[in-house]
Amino acid sequence: MNHLLLKFRDTQNEVRELRTFGPAPFLLVFLRHLGWVLCRAHLGDIRDQYPLFKDINATVVAITFSSPAEALKLSQELKLPFPLVSDSQKEVYKIFELGAARLKDFLSPKVLWKFMGRIITGWLPSMGYSKDDLFQLGGDFVVDAKGEVVYAFKSSSPADRPTIQFLLDQLQ
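Every chain is numbered on its own, with residues counted from 1 as its sequence reads. Local features in this predicted model are restricted to residues whose pLDDT is 70 or higher, and side-chain atom pairs enter the listing and the counts only when it is 80 or higher, whereas totals over whole chains, interfaces and linings include all residues. Only hydrogens and water are removed before side-chain values are computed, so all heavy atoms of the structure are retained for them.

So, on to helix α6 (residues 164–171). Those residues of α6 that sit buried are Ile164, Leu167, Leu168 and Leu171. Burial along α6 is one-sided: seen end-on, the buried residues are contained in an arc of 100°. Contacts between residues were defined by any pair of non-hydrogen atoms, one from each residue, lying within 4.5 Å. Secondary structure follows DSSP: runs of H or I at least 4 residues long count as helices, runs of E at least 2 residues long count as strands, and numbering of each begins at the N terminus. Those residues of α6 that are buried lie in contact with β3 (26–30), α1 (37–48), α2 (50–55), β6 (139–143) and β7 (149–154). When a residue's accessible area, from a 1.4 Å probe over protein chains only, is under 20% of the maximum for its type it is buried; when over 50% it is exposed; and in between it is partly exposed. The arc in question is the one spanned by the directions pointing from the helix axis to the C-beta atoms.

So, in structure tokens, the structure goes:
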């Protein structure tokens, strides 16, 4: 499958193929919930290190299953320098075989520890996105110029994400 042809809705509700967002390689950041502290913090970490992604000519695209309007709201709130696009029917989430968390996953010490650590550093949950699926898991993927996935990280819990440095290494 050529992943460069995947379609999303941008924040203006226009349908666009992945390849139209910039040059490969692409870092695709699948979010689990726009109000979830750990997803918001992951986006913030990428935002803060964004010049390093630009230095290696990588294109970052964050993906949500929320509406394009909600994607725009969060993009503006976090001042994201990269696109946040919508896959409201979760078609692309299914292609990448992203799973779902269980209720007990939210109560694991690892998740609670990371959650509280991010709150202490200033990342707060947002209740403005409560219609989202709370159990959908995210992931981070690298797609090369041929449209092939060359790195795949599927979150196994609501707190599971690779470091920004590790993602940068996968893009080079």
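Don't stop here, the text continues.
Let us now look at the environment of Lys73. Along the polypeptide, Lys73 turns up in helix α3 (residues 68–78). The class of Lys73 is partly exposed, set by a relative accessible area of 40%. In this structure, the C-alpha to C-alpha distance between Lys73 and Ile164, residues 91 residues apart in sequence, is 24 Å.

It is worth spelling out unusual backbone geometry at this point. Geometrically, the link from Ala24 to Pro25 is a cis peptide bond, its omega value of 10° lying close to zero. In this structure, Pro25 sits in the loop between β2 (15–17) and β3. Even without being glycine, Asn57 reaches a positive phi, approximately 60°. Structurally, Asn57 can be placed in the loop between α2 and β4 (59–64). In this structure Asn57 comes out as exposed when scored by relative accessible area, which is 54%.

Once that is clear, we can look at the environment of Ala41. With respect to the secondary-structure elements, Ala41 resides in helix α1. Spatially, the C-alpha atoms of Ala41 and Thr121 are 9.7 Å apart, while their sequence positions differ by 80 residues.

We now examine the packing of aromatic side chains. When we look at a pair of aromatic rings, we describe it by the centre distance and by the angle of the planes. For this analysis, a ring pair means two rings from Phe, Tyr or Trp (six-membered ring only for Trp) whose centres lie within 6.5 Å, classed as stacked if their planes differ by under 30 degrees, edge-to-face if by over 60, and tilted for the remaining angles. For the structure shown, the criterion picks out 7 aromatic pairs. A centroid spacing of 5.6 Å and a plane angle of 85° characterise the contact between Phe30 and Phe141, whose relative ring orientation is edge-to-face. In this pair, Phe30 is assigned in strand β3 and Phe141 in strand β6, connecting sequence segments 111 residues apart. Across this residue pair, the class does not change: Phe30 and Phe141 are buried. Aromatic ring contacts, followed pair by pair, group Phe30, Phe65, Tyr93, Phe96 and Phe141 into a single cluster. Sitting over a ring, as applied to charges here, requires NZ of Lys or CZ of Arg to be within 6 Å of the ring centre and within 35 degrees of the ring normal. Its end group placed over the ring of Phe21, Arg16 keeps NZ or CZ at 3.9 Å from the ring centre. The ring of Phe65 has Lys90 sitting right over it, with the charged end atom 4.6 Å from the ring centre.

Honestly, that's just the spatial picture; any functional story needs more than this.
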